[in-house]
There are 2 protein chains.
Amino acid sequence: MYQYKYARPALTTDCVVFGLDQDDLKVLLIQRDIQPFEGKWALPGGFIQVGESIDDCARRELEEETGLHDIFLEQLYSYGQPDRDPREHVITVAYYALVNLIEHAPKAATDARNAAWFSLDDLPSLAFDHQTILETARQRLRGKVRYQPVGFELLPEKFTLTQLQKLYEIILEQKIDKRNFRKKVIKLGILIETDEVEQDVAHRAARLYQFDPAHYQQLEKQGINFEL
Amino acid sequence: MYQYKYARPALTTDCVVFGLDQDDLKVLLIQRDIQPFEGKWALPGGFIQVGESIDDCARRELEEETGLHDIFLEQLYSYGQPDRDPREHVITVAYYALVNLIEHAPKAATDARNAAWFSLDDLPSLAFDHQTILETARQRLRGKVRYQPVGFELLPEKFTLTQLQKLYEIILEQKIDKRNFRKKVIKLGILIETDEVEQDVAHRAARLYQFDPAHYQQLEKQGINFEL
């Protein structure tokens, strides 16, 4: 037992991991194996240990409950409404990430009965205030693609402009004008045109591009201004 | 005494309140009256109470230590490195705000010996990791003016374009090209030209403008794209 002079709220982290597949944006959920909300789907997460940084806690809980590791998590927001957890006052620091779904097959463990990717269009009802957290993450992700280049870790090394456009369309959940998109994305100066074209396609093979890593990283730091 | 099965980090909030005066950006600091860092300057803040939301804690601590109230605080980031507080593992949720300095005279109380505005160019050394938190807030503020209109609560009801430009120059800490600024800010469509001009000025009196509240609020929600 640990004793403190004043009462303390409990502290957790929760992770919103978005997964991109060919034509859909999904989110990684776990099915809770403990009370409260036993059997309900929720964001992966859990309690912070004393001496552990918040970032480390988020990574540890994500790996323990879903098997996913080596994922770049960004802090999203902290939630602390006193009634958000029926047990007691629990404050959670939420994180989010965007990964290539194909490379990350979840595997449930510890307090999770199941772990699975869910399409954002077809979500189960979520435990706690996790629906709110998920919505905030979705908005943040949409905002982010406006001021940072996206795609480096989500697309194959060489890709077509159509693949890149599709990526933006999925994240932004809207159709994008092809001509306008190409003009703007080329103007960013992060694409290198290769000598190669697509293989094994029925239609006319499109040119393959790759990212210019140095310039991409520079713009990641410096920020872009990408209105679509 | 309060008992818990597992050890818990302590939880605080800290506030970075930026204050604008005629030609400078300042930050509100308190001089600590208790250990650790007794006598050192720090961001106002303190411990979260069980049953209190994080936002409420930030507001309460700011008012208790500095007298400032009715300020729109936005959550900035949460910091939880285990060694950031010499006492024990303390996680803090940081907030930030931008106010008109003239309207907010600080008054020290509770754990603060003093409370005062400091120019960002002339800061004392700060307690804990508050220098890092302040730097993050400064960057966030600079980023914010690119995607949200700014000035509504900082300028008098009627103002000149030079005053508005000055505001941006102070926040961005850089000189702005006058012609380019006027073109872009007028294009936003949030300014209403009044029939009035400046009074009691030695130079040629400049036109006074005011904000269009409805359009301003709409752009606050929707976001702008303001590259200077």
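The structure presented is a predicted model; accordingly, all values stated were derived computationally and were not measured.

Looking at the overall build of chain A
Part 1 of the reasoning: Assigned secondary structure in chain A consists of five helices and ten strands.
Part 2 of the reasoning: Summarising its shape, the C-alpha atoms of chain A cover approximately 65 × 35 × 25 Å along the three principal directions.
Part 3 of the reasoning: Counting contacts in chain A only where the partners sit at least 6 residues apart, residues at least 24 apart contribute 66% of the total.
Part 4 of the reasoning: Approximately 11600 Å² of chain A is accessible, and the part contributed by carbon and sulfur atoms is 47%.
Part 5 of the reasoning: Chain A carries 28 positive and 37 negative side-chain charges, and their two centres are separated by 6 Å.

Quick notes on the pattern of salt bridges
Part 1 of the reasoning: In this structure the tally under the stated criterion is 34 salt bridges over all chains.
Part 2 of the reasoning: The partner of E173 of chain A in a salt bridge is R142 of chain A, with the nearest N and O atoms 2.7 Å apart. In this pair, E173 of chain A is assigned in the loop between α3 (161–172) and α4 (178–187) and R142 of chain A in helix α2 (residues 130–147), connecting sequence segments 31 residues apart.
Part 3 of the reasoning: Judged by its relative accessible area of 37%, E173 of chain A falls in the partly exposed class.
Part 4 of the reasoning: Judged by its relative accessible area of 26%, R142 of chain A is partly exposed.
Part 5 of the reasoning: Between E61 of chain B and R60 of chain B there is a salt bridge, with its nearest N and O atoms 3.1 Å apart.
Part 6 of the reasoning: Several salt bridges converge on common partners, so that one network encompasses E52, R60, E61 and E64 of chain A.

Some details on the UniProt feature "domain: Nudix hydrolase" (unreviewed entry) in chain A
Part 1 of the reasoning: UniProt's entry tags residues 10–141 of chain A with the feature "domain: Nudix hydrolase" (unreviewed entry), counted in the numbering of this structure.
Part 2 of the reasoning: Segment residues 10–141 of chain A splits into 19% helix and 39% strand. End C-alpha atoms: 28 Å apart.

Looking at the relation of the copies chain B and chain A
Part 1 of the reasoning: Between chain B and chain A, which share one sequence, the superposing operator has a rotation angle of 180° and an axial displacement of 0.0 Å; the RMSD is 0.0 Å. The superposition of one copy onto the other is thereby described by a two-fold rotation axis. Using C-alpha coordinates, one finds that chain B approaches the rotation axis most closely at Q3 of chain B, a distance of 2.3 Å.
Part 2 of the reasoning: Taken together, the interface assignments show that 100% of the residues at the interface of chain B recur at the interface of chain A, consistent with an identical surface on both copies.

With respect to the side chain of H104 of chain A
All names here are of chain A.
Part 1 of the reasoning: Along the chain, the position of H104 falls in the loop between β7 (90–100) and β8 (112–119).
Part 2 of the reasoning: According to the relative accessible area criterion, H104 is buried, its value standing at 15%.
Part 3 of the reasoning: When residues no more than four places from it in sequence are discounted, the contact partners of H104 are L68, H69, I71, V99 and W117.

Points about the packing of aromatic side chains
Part 1 of the reasoning: By the definition in use, this model includes 21 aromatic pairs over all chains.
Part 2 of the reasoning: For the ring pair F181 of chain A and F226 of chain A, a centre distance of 6.3 Å and an interplane angle of 70° mean the geometry is edge-to-face. With F181 of chain A in helix α4 and F226 of chain A in the segment after α5 (213–222), this residue pair connects regions lying 45 residues apart in the sequence. Accessibility classification places F181 of chain A together with F226 of chain A in one group, the buried group.
Part 3 of the reasoning: Ring centres of F152 of chain B and Y216 of chain B lie 4.7 Å apart, and the angle between their planes is 40°; on these two criteria the pair is classed as tilted. In this pair, F152 of chain B is assigned in the loop between α2 (130–147) and α3 (161–172) and Y216 of chain B in helix α5 (residues 213–222), connecting sequence segments 64 residues apart.
Part 4 of the reasoning: We classify F152 of chain B as partly exposed; its relative accessible area is 35%.
Part 5 of the reasoning: When the ring centre of Y4 of chain A is taken as reference, the NZ or CZ atom of R8 of chain A above it lies at 3.8 Å.

What counts as what
Residues numbered from 1 in each chain as written. Chains lettered and ligands numbered in written order. Predicted model: local features only at pLDDT ≥ 70, side-chain atom pairs only at ≥ 80, totals over all residues. Heavy atoms only, no water. Helix = DSSP H or I, 4+ residues; strand = E, 2+ residues; numbered from the N terminus. Contact = heavy atoms within 4.5 Å. Areas by Shrake-Rupley, 256 points an atom, 1.4 Å probe, with all protein chains shown as cover. Lys, Arg positive; Asp, Glu negative; His and termini not counted. Charge placed at Lys NZ, Arg CZ, Asp CG, Glu CD. Salt bridge = Lys/Arg side-chain N within 4 Å of Asp/Glu carboxyl O. Buried < 20%, exposed > 50% of the residue type's maximum accessible area, 1.4 Å probe, protein only. UniProt positions renumbered as here; feature names shortened; annotations may be inferred. Least-squares fit on C-alpha atoms with pLDDT ≥ 70 in both. Phe/Tyr/Trp six-rings, centres within 6.5 Å; stacked < 30°, edge-to-face > 60°. Lys NZ or Arg CZ within 6 Å of the ring centre and 35° of its normal.

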